[in-house]
Amino acid sequence: MAGIDHVDQSRTEQVILFRGAGMGLHRRPEFAGFLLKAYETLQFKANETASSAHKINAVRVDQAGLLSLEMTGGGTGAAGHAKTRFSILSLLLYGTSHWFSSMCMMKHKYYNNHFIILTFSILSVMFLIMFGYYGVGRSGHFAFDMPYLQVAGEMWRNLANPYDVESFKENMKLVTGLDSGNYAYPPNSFPIALALSFGSSDTARWISGAMNLAAIGFLTLFIHWGAAAGEYIRTSHARATAVIASALVIGNPLTAHVVWMGQTTLISAAFIYGCWMLANRRLDLLAGILLGISAFKPQLAILVGLWFMMDRRWVLVAAAAVTTIVVSGWPIVAQGVDGSWLAWMRTLSQYQNTVHNLPSFKHVFGVRSVLATAGISAPSFMVPGIIALIALYRFRRHYEEIWLINAILIISFLFVYSHDYDLAPVAVIAFPLLMAAQGRPRVLMLLCFLAFVIFFPQRIWERFDLDMMARTRELALMGVLATYLKICRITWPAASKAAVAV
C-alpha cells in the first residue's frame, strides 16, 4: 500500500487511491467525477492536518502497470517530493467500494430530484396553456393586440399606408369594432404583418399563438445549448438546472401575458437570442441577418447592435443593416422613404404621447417610469443606458459570453423603453444564476425573492391602492442584474480559458 514520509500516512494514502481511481481505472464520467471530487476533499484534509512545513500540493501518475501504479506527491518544505507504489487490486477494491456506497446513498435523492423537475416542467406547460392560450381569469379574447399587425399587413398588400393615421384607424375599426391608436411598428415589421394578414382574424390569432410558441421553444433550446457549450459543460446538475430554467421561461406569468395579448416580444427576443448564439460561434453573417429581422422591436435590438459595434463585428452589423432595409423593401417601394421610415418616426412620437405609453402609465417599465410615478419628470434615459452598456462591455471577459445577452436586455428594459410584459424572455438568466447559487442557500433565497417581486400580479397592488408597490419590479430587476454581476463573475484563469474558446 502507499506510504509517504512527510504527511499523515492514512490520509495521504486515501488521497492517492482516489486520485489513481479517478484517473486511470474508471473511464466512465460518473466514476471519475465522483472519485475526483472525493480526491479533492481528501487532499484538502491532508493539507489541513499536515504540518505547515510539509504539505502535498499535487499528486501525479509517473508509471502505470497491470499490477501497480507509481505516483509522486509534490510537497513544500524540506521533504520536497516523495514517490510511492501501491497495488492496483487494492485501488480497485477501495475505489469501487466507495463509488458503490455513494451510489446507494444518492439513488433515492436522484429519483426524488427528477420527479420534482418533471413536476415543475409539467406545471409550467399547464400554466402557459391555461393562462396564455385558454385565458383563465382573463377578459377579452385571445391575441387582442395582434390586429395592429394584421391590418397593417392588409394595407401594405393593398398598397395603402398604415402610417396614415386616419386610414389605419378606419381599417382597425372595421376589423376589431374598436377605436385604436397609431401603428407603432417600423416598416421592417412588414414580413410578420404580411404573415398575419392572410385569412380571417381567427386564423391570424392562431398564427400569432403558433409563432409565440415557437419563440418559447427556441428560448428553451438556447438554455440547453448554453448549458452544453458553456462553463458547465454537460454535467448532470447543469442539465437539471437547464430544465428548471426552461420551465421558468415557459410558465412565468409574463410569458403567458405576452401570448394572451398576441404581442411580439418573445418573437423578437427569439431572433435576438438566435443572433447571439450564432455570433458566439463566429457566424457573423447569419447572426446579422437574425438581428436585422429582430429589429421590428427596435427597443430590444438597439443596444445589442451597439454591443456588436463596440466589438467591431462589422460584418454582423452590416448584415443587420442590410437585412433591415431588405425586409422593409415593400413599404419603401410602395410609399417611399418619406411614407415609410420618416412617416413611422412621425407617428411614433404621437404614439408615445398617448396615455397608455406615457412613462407614468402602470404598464410602462423602466427607471424613468419609477421617477414619473413618484412625480419626478425626467428626460430619456438612453444615454445612461449606453453608459451602462459600455461599462458591461469593459468587464465582459469576467463573464461567460453566452449569458451576457441577458444583462444587455435588462439594461435595455431599465433605460431604453419597454412595457412590463417585455421582461418575459429575461427568465433565461435563471440558468447562470441558479448554477452560481449552487451550495449558497442565502443567494438562492434572494433569487427566489427577486423572482417573486417581478412576477407578483400587479392587479393585487392596484386592489389595495398600492400602485407604487408595482414599481418594485424595476428595483427587483436591478437586483437581478447586480446579483448576476456579483455571483456569475468568473476567475481570471477561467476567464482566459473562455476567451480562448471564443
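Residues numbered from 1 in each chain as written. Predicted model: local features only at pLDDT ≥ 70, side-chain atom pairs only at ≥ 80, totals over all residues. Heavy atoms only, no water.

1. Looking at unusual backbone geometry
1) Next: In this model, A143 sits at a positive phi of 55°, which is unusual for a non-glycine residue.
2) Next: In this structure, R282 takes a positive phi of about 65° despite not being glycine.
3) Next: Counting through the fold element by element, R282 comes out in the loop between helix 10 (265-280) and helix 11 (284-294). (Helix = DSSP H or I, 4+ residues; strand = E, 2+ residues; numbered from the N terminus.)

2. What about the packing of aromatic side chains?
Here the distance between the centres and the angle between the planes together describe a pair of aromatic rings.
1) Next: Counted by the stated rule, this structure contains 24 aromatic pairs.
2) Next: With centroids separated by 5.8 Å and ring planes inclined at 40°, the aromatic side chains of Y183 and Y185 adopt a geometry described as tilted.
3) Next: The buried category is assigned to Y183, whose relative accessible area is 1%.
4) Next: By relative accessible area, Y185 is classed as buried at 14%.
5) Next: With a centroid separation of 4.8 Å and 45° between ring planes, the pair formed by F456 and W461 is classed as tilted.
6) Next: Site record: aromatic cluster; members linked through ring pairs are Y148, W156, Y163, F168, Y183, Y185, F190 and W330.
7) Next: Geometry around F198 places R157 over its ring, the cationic atom sitting 4.7 Å from the centre.
8) Next: A cation sits over an aromatic face here: R396 above Y393, 3.8 Å from the ring centre. (Phe/Tyr/Trp six-rings, centres within 6.5 Å; stacked < 30°, edge-to-face > 60°. Buried < 20%, exposed > 50% of the residue type's maximum accessible area, 1.4 Å probe, protein only. Lys NZ or Arg CZ within 6 Å of the ring centre and 35° of its normal.)

3. As for the packing of helix 12 (residues 298-310) against helix 16 (residues 382-394)
1) Next: For the pair helix 12 and helix 16, the least separation of the axes is 11 Å and the interaxial angle reads 45°. Classified by the angle their axes make, helix 12 and helix 16 are oblique. In this structure, helix 12 crosses over helix 16, and the sense of that crossing is right-handed. Where helix 12 approaches helix 16, its residues I302, L303, L306, W307 and M310 are matched on the opposing element by M382, G385, I386, L389, I390, L392 and Y393. (Axes fitted to C-alpha atoms, helices over the stretch in contact; angles between N-to-C directions. Parallel < 35°, antiparallel > 145°, perpendicular 65-115°, else oblique. Left-handed = near helix turned anticlockwise from the far one by under 90°. Contact = heavy atoms within 4.5 Å.)

4. Observations regarding the side chain of T483
1) Next: Position of T483 among the secondary structure elements: in helix 21 (residues 472-487).
2) Next: Residue class for T483 comes out buried when judged on its relative accessible area of 9%.
3) Next: Of note is the side chain of T483, whose polar atom sits 2.6 Å from the backbone oxygen of G479. (Polar contact = N/O pair within 3.5 Å; in protein donor to acceptor, adjacent residues only side chain to side chain.)

5. Here we look at the confidence of the model for the chain
Should the pLDDT be low somewhere, the predicted coordinates at that spot are not to be read in detail.
1) Next: In the predicted model, the chain carries a mean pLDDT of 80, and 74% of its residues have values of at least 70.
2) Next: Taken together, the stretch residues 1-35 has pLDDT below 50 and engages in 83 contacts with residues farther than four places along the chain or on a different chain.
3) Next: Counted against residues more than four places away or in other chains, residues 493-502, with its pLDDT under 50, gives six contacts. (pLDDT = per-residue confidence, 0-100.)

6. Comments concerning a nonpolar patch on the surface
1) Next: Taken together, L118, I122, L123, M126, M130, Y134 and V136 make up a surface patch of nonpolar side chains, about 700 Å² in accessible area.
2) Next: Positionally, I122 belongs in helix 3 (residues 88-134). (Patch = residues over 30% accessible without salt bridge, like charges linked within 9 Å, V, L, I, M, F, W, Y side chains within 5 Å. Areas by Shrake-Rupley, 256 points an atom, 1.4 Å probe, with all protein chains shown as cover. Salt bridge = Lys/Arg side-chain N within 4 Å of Asp/Glu carboxyl O.)

7. Description of helix 4 (residues 147-157)
1) Next: Helix 4 sits mainly inside the fold: eight of its eleven residues count as buried.
2) Next: Three or more residues of helix 4 are buried, namely P147, L149, Q150, V151, A152, G153, M155 and W156.
3) Next: As for helix 4, its buried residues are in contact with helix 5 (165-176), helix 6 (190-196), helix 7 (201-229) and helix 14 (329-352).
4) Next: Directly after helix 4, the chain includes L159, whose backbone phi takes a positive value near 65°.

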